[in-house]
Amino acid sequence: MTRFLLAYQQLLRTDAVALAAALGLERALPAERRQPLPNVLFNAACFLGALPVLLVVLPPLAGPAGAVRAAVGRSVFDVSSGEGAGGQIAVGLLVVFAWDFFQYWAHRAMHAIPCLWELHKLHHSDTAVNATTAYRNHATAHIFQFVAVGVPLGLVVPISALGTAMAIVFFHIYGFFNHMNVRLSLGVFTPVVSGPQLHRIHHSLLEQHRDRNFAAFFPIFDIMFGTYRRPAQGEFPPTGLGNGDDPNDVRSLTVAPFTGWLRALRRTRVSSPRPACVATAVAKM
């Protein structure tokens, strides 16, 4: 628990600096002007509301995750964990690349499988995507990603608790950048790293952008697996779910995924004597 507390204390400190810089850039070069303040405040509330849950739930989950790693033995890539600056940089790059690979498939699953979409839907409900949208996640989505990304990551690369915390901080801070409400194109680097314009396509409510650009950092995964959509010059589409929903309320922050599951269960019972098969949804990924 102490390690997690220290990690999240550092996360809060780095968040403050990174978020201030991101909001400054948004003010100077906005892609969308006059975004509603309630959305920004709600996004911050999502993070503050999820934090106590994560501090209670994630440390116990870390134990079984470590046990799986210990049972398997050596990682697939058992590289040096810090022989000099070069070794640390190499391990760091390997962790980031592997993290994004597993994140890509976990993210894609949350779009393809209805019960997982209920966890992720809140993030996509923001009609005014900006740096604080990186905060707009339900606590259950964080827990799912911790298991779906963190456990396989530990089987591939030898990471310590400190390394895990550093990876979390890195992707969390980078989330400010690629969600920023800025009119910024990365040009020739667009297929290399995920930027604000590329990731805005992922949040677009337009049909031609549906289920595109899942990678958090390396678009190479979208290119490899057929989900890449390069934005056109000057393309900054509207965002949201496209059904008129823009939830900024306590219900969305607390029980929304659970009520969504109950509604889906009732519909399944009415329409079919058997529940829908997850394998069918996976086959569509």
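Shown above is the structure to which this text applies.
Everything quoted here is computed from the prediction, not taken from an experiment.

Chemist: Honestly, the packing of aromatic side chains in this entry has me stumped. Any pointers?
Modeler: Pairs of aromatic rings are described using the distance from one ring centre to the other and the angle between the two planes. As enumerated under the stated definition, the model contains 15 aromatic pairs in all. With centroids separated by 5.1 Å and ring planes inclined at 90 degrees, the aromatic side chains of Tyr104 and Trp105 adopt a geometry described as edge-to-face. For Tyr104, a relative accessible area of 0% gives the class buried. Of the residues examined, Trp105 reaches a relative accessible area of 30% and is grouped as partly exposed.

Chemist: Explanation requested: helix α7 (residues 196–203) in the structure shown.
Modeler: Since the α-helix packs 3.6 residues into each turn, any two residues three or four apart lie on the same face. Buried residues dominate α7, accounting for 8 of its 8 residues. Taken as a whole, α7 has its buried residues at Pro196, Gln197, Leu198, His199, Arg200, Ile201, His202 and His203.

Chemist: Help me out: how do you make sense of the pattern of salt bridges in this one?
Modeler: Pairs may arise between side chains of opposite charge once their charged atoms sit close together. All chains considered together, the criterion is met by 4 salt bridges. Close ionic contact of Lys121 with Glu118 constitutes a salt bridge, the shortest N to O distance being 3.4 Å. Residue Lys121 and its partner Glu118 are located together in helix α4 (residues 114–124), separated by 3 residues, close to a single helical turn. Residue Lys121 is classed as partly exposed on the basis of its relative accessible area, which comes to 24%.

Chemist: What am I meant to see in a positive patch on the surface here?
Modeler: Residues Arg251, Arg263, Arg266 and Arg267 make up a contiguous surface patch of positive charge. With 3 residues, helix α10 (residues 256–271) is the single largest residue contributor to the positive patch.

Chemist: Sorry if this is basic, but what is going on with the side chain of His203 here?
Modeler: Secondary-structure assignment places His203 in helix α7. Among the polar contacts made by the side chain of His203, one reaches the side chain of His123 at a distance of 3.3 Å. A distance of 3.3 Å separates a polar atom in the side chain of His203 from a polar atom in the side chain of His179. Other than its neighbours up to four places away in sequence, His203 contacts His123, His124, Val129, Thr133, His179, Pro238, Thr239 and Gly240.

Chemist: What exactly am I supposed to notice about a nonpolar patch on the surface here?
Modeler: Taken together, Phe97, Ile220, Ile223 and Met224 make up a surface patch of nonpolar side chains, about 360 Å² in accessible area. With 3 residues, helix α8 (residues 220–224) is the largest single contributor of residues to the nonpolar patch.

Rules and cut-offs
- Residues numbered from 1 in each chain as written.
- Predicted model: local features only at pLDDT ≥ 70, side-chain atom pairs only at ≥ 80, totals over all residues.
- Heavy atoms only, no water.
- Phe/Tyr/Trp six-rings, centres within 6.5 Å; stacked < 30°, edge-to-face > 60°.
- Buried < 20%, exposed > 50% of the residue type's maximum accessible area, 1.4 Å probe, protein only.
- Helix = DSSP H or I, 4+ residues; strand = E, 2+ residues; numbered from the N terminus.
- Salt bridge = Lys/Arg side-chain N within 4 Å of Asp/Glu carboxyl O.
- Patch = residues over 30% accessible without salt bridge, like charges linked within 9 Å, V, L, I, M, F, W, Y side chains within 5 Å.
- Areas by Shrake-Rupley, 256 points an atom, 1.4 Å probe, with all protein chains shown as cover.
- Lys, Arg positive; Asp, Glu negative; His and termini not counted.
- Charge placed at Lys NZ, Arg CZ, Asp CG, Glu CD.
- Polar contact = N/O pair within 3.5 Å; in protein donor to acceptor, adjacent residues only side chain to side chain.
- Contact = heavy atoms within 4.5 Å.

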